[in-house]
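Here's the letter readout for the chains.
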Amino acid sequence: MKETKNIMIVGVGGQGTLLTSRILGGITVAAGYDVKLSEVHGMAQRGGSVVTFVRYGEKVAEPIVEEGQADVLIAFERLEALRYAHFLKKDGVIVVNDQRIDPITVVTGAAAYPEGIMETLEKDHTVFKVNAMEEAIKLGNSKVFNIIVLGVAAKHMDFNKDLWLEVIEKTVPPKTIELNKKAFLYGFEVTV
């Protein structure tokens with residue numbers, strides 16, 4: 001019996017959360033799992049939170065991941081990682097893009113961006129951080145940073161590298177296949 005795994009992807013509107021969830025959905029189906037996805041959009045168009053739940057296993061009844069049940073939390077921004085860390089299991093892992101994007105409340109001065117987010121997360125959780133934006137720029141396109149983060153997270157899931165690359169090839173726009181594969185491999189092979 002295949003145990004159900006719970007993955008959460010959190011970020012800010014425009015960070016590629018939905019593409020990442022499509023790749024995750026594709027790989028779980030390709031590997032023969034039952035999968036359920038659920039996307040929760042905040043003010044995504046205005047830089048608000050975007051949350052995607054991906055649950056896969058032998059038979060998955062519902063798409064929502066309960067608090068304390070996520071095996072892997074993929075966070076495309078530090079504050080989003082902090083905001084959703086309570087969804088993680090005791091032995092779960094957080095893979096976080098070490099980037100700061102000020103929410104509208106910070107931009108308008110109504111709130112302050114919290115200090116020491118990474119240190120706070122590392123007190124209670126196993127955290128793998130990567131400066132994916134910097135690496136994506138080195139690869140020539142900042143938009144693939146989410147695929148770098150996915151590459152790091154992939155090491156904490158049940159699928160082999162070749163299957164990931166196959167699904168990426170089928171999911172991303174044709175002109176970006178090679179760049180996305182390079183981004184994934186960087187994340188998959190980097191030691192964080």
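Cut-offs used in this document
Residues numbered from 1 in each chain as written. Predicted model: local features only at pLDDT ≥ 70, side-chain atom pairs only at ≥ 80, totals over all residues. Heavy atoms only, no water. Phe/Tyr/Trp six-rings, centres within 6.5 Å; stacked < 30°, edge-to-face > 60°. Axes fitted to C-alpha atoms, helices over the stretch in contact; angles between N-to-C directions. Helix = DSSP H or I, 4+ residues; strand = E, 2+ residues; numbered from the N terminus. Parallel < 35°, antiparallel > 145°, perpendicular 65-115°, else oblique. Left-handed = near helix turned anticlockwise from the far one by under 90°. Contact = heavy atoms within 4.5 Å. Nonpolar A, V, L, I, M, F, W, Y, C, P; charged D, E, K, R; others polar. Salt bridge = Lys/Arg side-chain N within 4 Å of Asp/Glu carboxyl O. Buried < 20%, exposed > 50% of the residue type's maximum accessible area, 1.4 Å probe, protein only.

1. A look at the packing of aromatic side chains
Scanning the entire structure with this criterion turns up 9 aromatic pairs. With a centroid separation of 6.1 Å and 45 degrees between ring planes, the pair formed by Tyr84 and Phe87 is classed as tilted. An aromatic cluster of at least three residues, connected via ring pairs, comprises Tyr33, Tyr56, Phe159, Trp164, Phe184 and Phe188.

2. Some remarks on the packing of helix 7 (residues 161-171) against helix 8 (residues 177-189)
Relative to each other, helix 7 and helix 8 sit at 150 degrees, their axes nearing to 10 Å. By the criterion of interaxial angle, the relationship of helix 7 to helix 8 is roughly antiparallel. With respect to the hand of their crossing, helix 7 and helix 8 are arranged in right-handed fashion. Between helix 7 and helix 8, the residues in contact are Lys161, Trp164, Leu165, Ile168 and Glu169 and Ile177, Asn180, Lys181, Phe184, Leu185, Phe188 and Glu189, respectively. Looking at side-chain class alone, the contact of helix 7 with helix 8 contains 7 nonpolar, 1 polar and 4 charged residues.

3. As for the pattern of salt bridges
Pairing of side chains with opposite charge becomes possible as their charged atoms draw close. Under the defined criterion, the tally for this structure stands at 14 salt bridges. For Lys129, the salt bridge identified is with Glu122, shortest N-O distance 3.8 Å. Here Lys170 and Glu166 are joined by a salt bridge, their closest N and O atoms 3.9 Å apart. Of the two residues, Lys170 and Glu166 are both situated in helix 7; the distance of 4 residues between them amounts to about one turn of the helix. For Glu166, a relative accessible area of 42% corresponds to the partly exposed category. Ionic contacts of the salt-bridge type, sharing partners, join the residues Glu3, Asp71 and Lys89 into one network.

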